[in-house]
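Letter by letter, the chains look like this.
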Amino acid sequence: DASKSGAKIKVTFKNNSGVAGTEVVQIYVKNDDVNETLHPHLAAFERVDVPANGTAEVEVIVPDSAFTTVDDDGVRAVRGTTSTVYVGCGQPDTAQ
């Protein structure tokens, strides 16, 4: 299934409270390429229900296209040699 092609990332959530909750794991990618956007871009996300005082694991598939950039001629391709992947419950704070 082509929709399942990409990098698989497993995330485990732990809920230390006595109340069940829901989180959204967000995966951002920043490719090392001159054509990349200024900030990391949202590549994938998945909602996960975490039971009270429990844990939950979710697998997120980051599509292959997240590791591509588009040049000035509109051509999408894999460029550069590295990508930085950020995993969390919100947008990464890259200010330093």
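Preceding block: the structure.
Model, not experiment: these values are computed from the prediction. (Residues numbered from 1 in each chain as written. Predicted model: local features only at pLDDT ≥ 70, side-chain atom pairs only at ≥ 80, totals over all residues. Heavy atoms only, no water.)

Colleague: Help me understand the overall build of the protein in this model?
Modeller: Across its full length, the protein holds zero helices and seven strands. Along the protein, helices and strands appear, N-terminal first, in the series β-β-β-β-β-β-β. Scaling as 2.2 N^0.38, a compact globule of 96 residues should have a C-alpha radius of gyration of about 12 Å, whereas the protein reaches 16 Å, well beyond that. Based on the C-alpha atoms only, the size of the protein along its principal axes is roughly 55 × 40 × 20 Å. In the protein, which comprises 96 residues, the share counted as buried stands at 28%. Side-chain charges of the protein comprise 8 positive and 14 negative groups, with the mean position of each set lying 6 Å from the other. (Helix = DSSP H or I, 4+ residues; strand = E, 2+ residues; numbered from the N terminus. Rg over C-alpha atoms; globule rule 2.2 N^0.38 Å. Buried < 20%, exposed > 50% of the residue type's maximum accessible area, 1.4 Å probe, protein only. Lys, Arg positive; Asp, Glu negative; His and termini not counted. Charge placed at Lys NZ, Arg CZ, Asp CG, Glu CD.)

Colleague: I keep staring at the pattern of salt bridges and nothing clicks. Help me out?
Modeller: For side chains bearing opposite charge, pairing can occur when the charged atoms are close. One pass over the structure, following the stated rule, counts one salt bridge. For the salt bridge of Asp71 with Arg79, the shortest nitrogen-to-oxygen distance reads 3.2 Å. Overall, the relative accessible area of 21% leaves Asp71 in the partly exposed class. (Salt bridge = Lys/Arg side-chain N within 4 Å of Asp/Glu carboxyl O.)

Colleague: Any chance you could explain unusual backbone geometry here in plain terms?
Modeller: For Asn53, which is not glycine, the phi torsion reads 50° and is therefore positive. Within the element layout of this structure, Asn53 appears in the loop between β3 (41–50) and β4 (55–63). Using a relative accessible area of 58% as the deciding quantity, one classes Asn53 as exposed.

Colleague: What is the right way to look at the environment of Gly6 in this model?
Modeller: Here Gly6 lies in strand β1 (residues 6–14). Here Gly6 falls in the partly exposed class, since its relative accessible area comes to 29%. Spatially, the C-alpha atom of Gly6 lies 4.6 Å from that of Asp64, the residues being 58 residues apart in sequence. The residues touching Gly6, leaving out its near neighbours within four places in the chain, are Ile61, Val62, Pro63 and Asp64. (Contact = heavy atoms within 4.5 Å.)

Colleague: Whenever I open this one, the environment of Gly90 confuses me. Can you help?
Modeller: Relative to the helices and strands, Gly90 is located in the segment after β7 (83–88). Distance from Gly90 to Val24, taken between C-alpha atoms, is 8.2 Å for residues 66 residues apart in sequence. Contact partners of Gly90, with chain neighbours within four places excluded, come to Gln26 and Tyr28.

Function-wise, these values are silent; they only describe arrangement.
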